[in-house]
Amino acid sequence: QVQLVESGGGLVQPGGSLRLSCVASGSISNIYVMGWYRQPPGKQRELVASVAPGGRKNYLDSVKGRFTISRDNAKNTLYLQMNSLKPEDTAVYYCNALLGRPYFRNCWGQGTQVTVSS
């Protein structure tokens, strides 16, 4: 079992920055891919960014150049640095871990609210 705890959300003005953190615990060795999802108000959850074991990173087109995902294996922590935030970035952000053992499955954090408003 893997537990994910997110932090770092809050209220920020347009153009500002936030850094989200996700601390993983439990069967960490079973984690294959980690990523960040978000769910804007009234919309479906979408993948924002992910990082694979080889270090390959993928980003939602609308956040490329503004967001950076990173993974610190020593600290068992996933980060999402968000710069140049826009009102449309407002959403609940969720940490996700894809477990590869004993079978593929997704684990989710509790979510952290990010609100971008002037």
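Residues numbered from 1 in each chain as written. Predicted model: local features only at pLDDT ≥ 70, side-chain atom pairs only at ≥ 80, totals over all residues. Heavy atoms only, no water.

**Q** What am I meant to see in the pairing of strand β10 (residues 105–108) here?
**A** Both faces of the sheet carry side chains from a regular strand, because those side chains alternate between them. Where strand β9 (residues 91–99) and β10 come together, four bridges link them in antiparallel fashion. For alanine 97, the partnering residue across the bridge sits in β10 and is cysteine 107. Linking two consecutive strands that pair antiparallel, namely β9 and β10, is a turn of five residues. (Pairing = 2+ DSSP bridges. Helix = DSSP H or I, 4+ residues; strand = E, 2+ residues; numbered from the N terminus.)

**Q** Explain the nonpolar core here, please?
**A** Most often, soluble globular proteins have nonpolar side chains that are buried together. One finds Leu4, Trp36, Leu80, Met82 and Tyr93 to be the most contacted residues of the largest nonpolar core, which totals 28 residues. Considering each element in turn, this core owes the most residues, five residues, to β9. In this structure tyrosine 93 touches Glu6, Leu20, Trp36, Tyr37, Arg38, Val48, Phe67, Leu80, Met82, Gly111, Thr112 and Val114, once residues within four positions along its chain are discounted. (Core = buried A, V, L, I, M, F, W, Y, C linked by side-chain atoms within 4.5 Å. Buried < 20%, exposed > 50% of the residue type's maximum accessible area, 1.4 Å probe, protein only. Contact = heavy atoms within 4.5 Å.)

**Q** Is there a simple way to think about the pattern of salt bridges in this case?
**A** Per the stated rule, a full pass over the model turns up four salt bridges. Put simply, aspartate 89 and arginine 38 hold a salt bridge, and the shortest N to O gap is 3.0 Å. Here aspartate 89, found in the loop between β8 (77–82) and β9, pairs with arginine 38, found in strand β4 (residues 31–39); they are 51 residues apart in sequence, far enough to count as distant. No difference in accessibility class separates aspartate 89 from arginine 38, as the two residues are buried. In this structure, arginine 66 engages aspartate 89 in a salt bridge whose closest nitrogen and oxygen atoms are separated by 2.8 Å. A residue pair is termed long-range when its members are at least 10 positions apart, and arginine 66 in the loop between β6 (57–59) and β7 (67–72) and aspartate 89 in the loop between β8 and β9 qualify at 23 residues. Three or more residues joined by partner-sharing salt bridges are found here, namely Arg38, Glu46, Arg66 and Asp89. (Salt bridge = Lys/Arg side-chain N within 4 Å of Asp/Glu carboxyl O.)

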